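What follows is the residue order along each chain.
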Amino acid sequence: MPYIKLSEQIEKLTNAQRSDAFIKQFRDAVREGKIDAADLPSRFELPKQFSRRGSDETYSKTVRDMVFDHTPEFDAWFDETNQGLNTGRRGSKPKATLENIEAGLVDFKELAAATRAKIEASYSKGQALGKSRSGGAKKPGRKAKK
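Nothing here was measured: the structure is a model prediction, and the numbers come from that model.

> When you look at helix α5 (residues 108-133) in this model, what are you seeing that I'm missing?
The α-helix winds at 3.6 residues per turn, so residues separated by three or four positions along the chain end up facing the same way. Its 26 residues give α5 an end-to-end C-alpha distance of 38 Å, which sits within 8% of 38 Å, the value for a rise of 1.5 Å per residue. Looking at where α5 begins, the residue whose side-chain oxygen comes 3.4 Å from the main-chain nitrogen of Lys 109 is Asp 107.

> What exactly am I supposed to notice about helix α2 (residues 19-32) here?
Along its 14 residues, α2 runs 20 Å from first to last C-alpha, staying within 8% of the 20 Å computed at 1.5 Å per residue. Looking only at α2, the buried set comprises Ser 19, Ala 21, Phe 22, Ile 23, Phe 26 and Ala 29. Just beyond α2, the residue with positive phi is Gly 33, at close to 90°.

> Honestly, the confidence of the model for the protein in this entry has me stumped. Any pointers?
The predicted coordinates should not be examined in detail at positions where pLDDT is low. For the protein, the average pLDDT comes to 84, and 87% of its residues sit at 70 or higher. Mean pLDDT values over the elements of the protein span from 82, in strand β3 (residues 50-51), up to 91, in α5.

> Help me out: how do you make sense of the pattern of salt bridges in this one?
As a working rule, side chains carrying opposite charge can pair if their charged atoms are close by. Counting across every chain of the model gives five salt bridges. Of the charged contacts in the structure, one is a salt bridge between Lys 24 and Asp 28, with a shortest N-O distance of 3.7 Å. Pair noted here: Lys 24 and Asp 28 are both in helix α2, with a separation of four residues, about one helical turn. Classification of Lys 24 by relative accessible area gives exposed; the value is 55%.

Conventions and cut-offs
- Residues numbered from 1 in each chain as written.
- Predicted model: local features only at pLDDT ≥ 70, side-chain atom pairs only at ≥ 80, totals over all residues.
- Heavy atoms only, no water.
- Helix = DSSP H or I, 4+ residues; strand = E, 2+ residues; numbered from the N terminus.
- Expected span 1.5 Å × (residues − 1).
- Polar contact = N/O pair within 3.5 Å; in protein donor to acceptor, adjacent residues only side chain to side chain.
- Buried < 20%, exposed > 50% of the residue type's maximum accessible area, 1.4 Å probe, protein only.
- pLDDT = per-residue confidence, 0-100.
- Salt bridge = Lys/Arg side-chain N within 4 Å of Asp/Glu carboxyl O.

What follows is the structure in structure tokens.
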């Protein structure tokens with residue numbers, strides 16, 4: 001059975017800036033029994049660069065290395081997790097920029113339909129407001145202008 005270190009597997013991530021999220025999901029999978037792994041005494045540095053608030057300074061973190069059993073089930077879990085880390089955080093959609101629309105990350109037809117609905121709602125609201133203000137009865141207690 002081939003055993004692989006977690007530090008070697010981290011290098012295979014397509015987005016190194018999401019390595020901390022991968023470590024968290026890996027540990028969750030070990031805890032839940034999806035992956036068989038064991039702690040090693042050594043530590044390794046994450047490829048992610050963290051930045052300090054209010055400063056341009058960056059730093060990195062170290063985590064405890066682990067060894068795990070490399071199985072086809074692990075490969076399937078890794079592919080799914082790696083893909084999930086690339087699509088965005090917690091299911092958030094990519095921003096509607098020209099680059100994302102051209103790359104196909106944002107559905108243009110869906111975006112156009114949402115824009116159309118927003119404009120229609122705004123127009124209807126304005127029409128309703130205009131109708132409520134025009135032609136209404138005079139409020140009691142006010143004198144007519146001469």
